[in-house]
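A look at the structure
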Amino acid sequence: MLYQRILLKLSGEALMGQGSFGIDPEILARLAGEIHVEAGKGVQVGLVIGGGNLLRGAGLAAKGMNRVSGDQMGMLATVINALAMQDALQQAGSECVVMSALTMDQVCESYNARRAIQHLQAGRVVIFAAGTGNPFFTTDSAASLRAIEIGADLLLKATKVDGVYSADPVRYPDAKFYQYIRYADALEQKLGVMDATALVLCSEHAMPLRVFNVFNPGQLGKIIAGEQIGTLVE
């Protein structure tokens, strides 16, 4: 295995499958199964899951809601997704812990970096919920931050496309695909790999990022084994 500890960032939309809202149990089970296989090989896996399949705080703010309230609601949506993934992983046979940036002891553990590393070293999958615990920060930023805090070897961003393109490949079929790109170039060209805060965090802390298509089964294991799938940003 090329990587011993990874942080996987899943968008909330990845859990919807072909639906337009909520969680697709089949997609959830498939993703959990792939993570379980890698964890069973000894890979230490951390997860950050967005909440866009349930609610987007920025979208509510655009329609007049207070942005802080909207973002706090979005954080709670990520906790719902985290609990769903925890259940799926446990059914697959993996030990799993949810750690939240917001205090909710009756539901999950509060986040603590040292404790998270202990869980990972003990072979448990750790899901980091509620973003950073602060409004105005995306789950992309939370994924970058958690990857740095736990000392991950690689940050993986699961998307709906095969990697990073010069433009939206759905709208522009002739868009250029990047197998490799530097953080500085991704920021300069505003390619939408992650938000600027997340990219700057990764760049300043030399955290490599690989972007890949989560809807292609088996790619997670291939990446961990060292195959050059998707786009590497570093």
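First, a word on scope: everything that follows refers to the structure included in this document. No experiment lies behind these values; they were computed from the predicted model shown.

1. Description of the nonpolar core
- If you look at the biggest cluster of nonpolar residues, it comprises 40 residues, and the most contacted ones within it are Ile 6, Leu 8, Leu 10, Leu 47, Met 85, Leu 89 and Ile 127.
- Those elements that provide at least two residues to this core are β1 (5-10), α1 (25-40), β2 (44-49), α3 (67-92), β3 (96-100), β5 (125-129), β6 (154-159) and α8 (219-224).
- Broken down by element, this core gets its largest block of residues, 7 residues, from α3.
- Residues contacting Leu 8, with those up to four places away along its chain left out, are Ile 35, Gly 46, Leu 47, Val 48, Leu 156, Ala 158, Phe 212 and Leu 220.

2. A short note on the sheet that holds strand β10 (residues 209-213)
- Strand order in the open sheet formed by 9 strands is β4-β3-β5-β2-β1-β6-β10-β11-β9, and the pairing between neighbours is mixed. Lying at the two open borders of the sheet, with one neighbouring strand each, are β4 (109-110) and β9 (180-181).
- Strand direction decides the pairing type here: β3 and β4, joined by 2 bridges, are parallel. Looking across to β4, one finds that Met 99 is bridged to Glu 109.

3. Digging into the pattern of salt bridges
- If you walk through the whole model with that rule in mind, you get 8 salt bridges.
- Salt-bridge contacts for Arg 124 lead to Glu 95; the nearest nitrogen and oxygen are separated by 3.4 Å. Pair noted here: Arg 124 is in the loop between α4 (113-121) and β5 and Glu 95 is in the loop between α3 and β3, with a separation of 29 residues, a long-range link.
- Taking the relative accessible area as the measure of exposure, Arg 124 reaches 25% and is therefore partly exposed.
- One salt bridge in this structure joins Lys 157 and Asp 140, with 3.2 Å as the shortest N-O distance. With a gap of 17 residues between them, Lys 157 in strand β6 and Asp 140 in helix α5 (residues 139-149) connect regions that are remote in the sequence.
- Owing to a relative accessible area of 11%, Asp 140 belongs among the buried residues under this scheme.
- Several salt bridges converge on common partners, so that one network encompasses Lys 9, Asp 140 and Lys 157.

4. Let's talk about helix α7 (residues 196-204)
- The complete set of buried residues in α7 reads Ala 198, Leu 199 and Cys 202. In an axial view of α7, the angular spread of the buried residues amounts to 95 degrees, which keeps them on one side of the axis.
- Check the buried side of α7 and you find it contacts α5, β6, α6 (183-188) and β10.
- The opening residue of α7 is Asp 195, an N-cap whose side-chain oxygen sits 3.0 Å from the backbone nitrogen of Thr 197.

5. Examining empty space enclosed by the protein
- Per the stated rule, a full pass over the model turns up 1 cavity of 30 Å³ or more.
- Looking at the largest cavity, its volume works out to about 80 Å³.
- Counting only elements with at least two residues in the lining of the largest cavity, the list comes to β1, α1, β10 and α8.
- Looking at the lining of the largest cavity, the element that brings in the most residues is α1, giving 4 residues.

6. Points about the side chain of Lys 9
- Tracing the chain through its elements places Lys 9 in strand β1.
- A residue is classified by how much of its surface remains accessible, and Lys 9, at 4% relative accessible area, is buried.
- Dropping the residues within four chain positions of it, Lys 9 is found in contact with Val 48, Thr 139, Asp 140, Ala 143, Leu 156, Lys 157 and Ala 158.

Definitions and limits used
- Residues numbered from 1 in each chain as written.
- Predicted model: local features only at pLDDT ≥ 70, side-chain atom pairs only at ≥ 80, totals over all residues.
- Heavy atoms only, no water.
- Core = buried A, V, L, I, M, F, W, Y, C linked by side-chain atoms within 4.5 Å.
- Buried < 20%, exposed > 50% of the residue type's maximum accessible area, 1.4 Å probe, protein only.
- Helix = DSSP H or I, 4+ residues; strand = E, 2+ residues; numbered from the N terminus.
- Contact = heavy atoms within 4.5 Å.
- Pairing = 2+ DSSP bridges.
- Salt bridge = Lys/Arg side-chain N within 4 Å of Asp/Glu carboxyl O.
- Arc of directions from axis to C-beta.
- Polar contact = N/O pair within 3.5 Å; in protein donor to acceptor, adjacent residues only side chain to side chain.
- 1 Å grid on protein atoms, 1.4 Å probe; cavity = no way out; pocket = protein on both sides within 12 Å on 5 of 7 lines; lining within 4 Å.
- Points joined across faces, edges and corners; volume = space filled by probe spheres on them.

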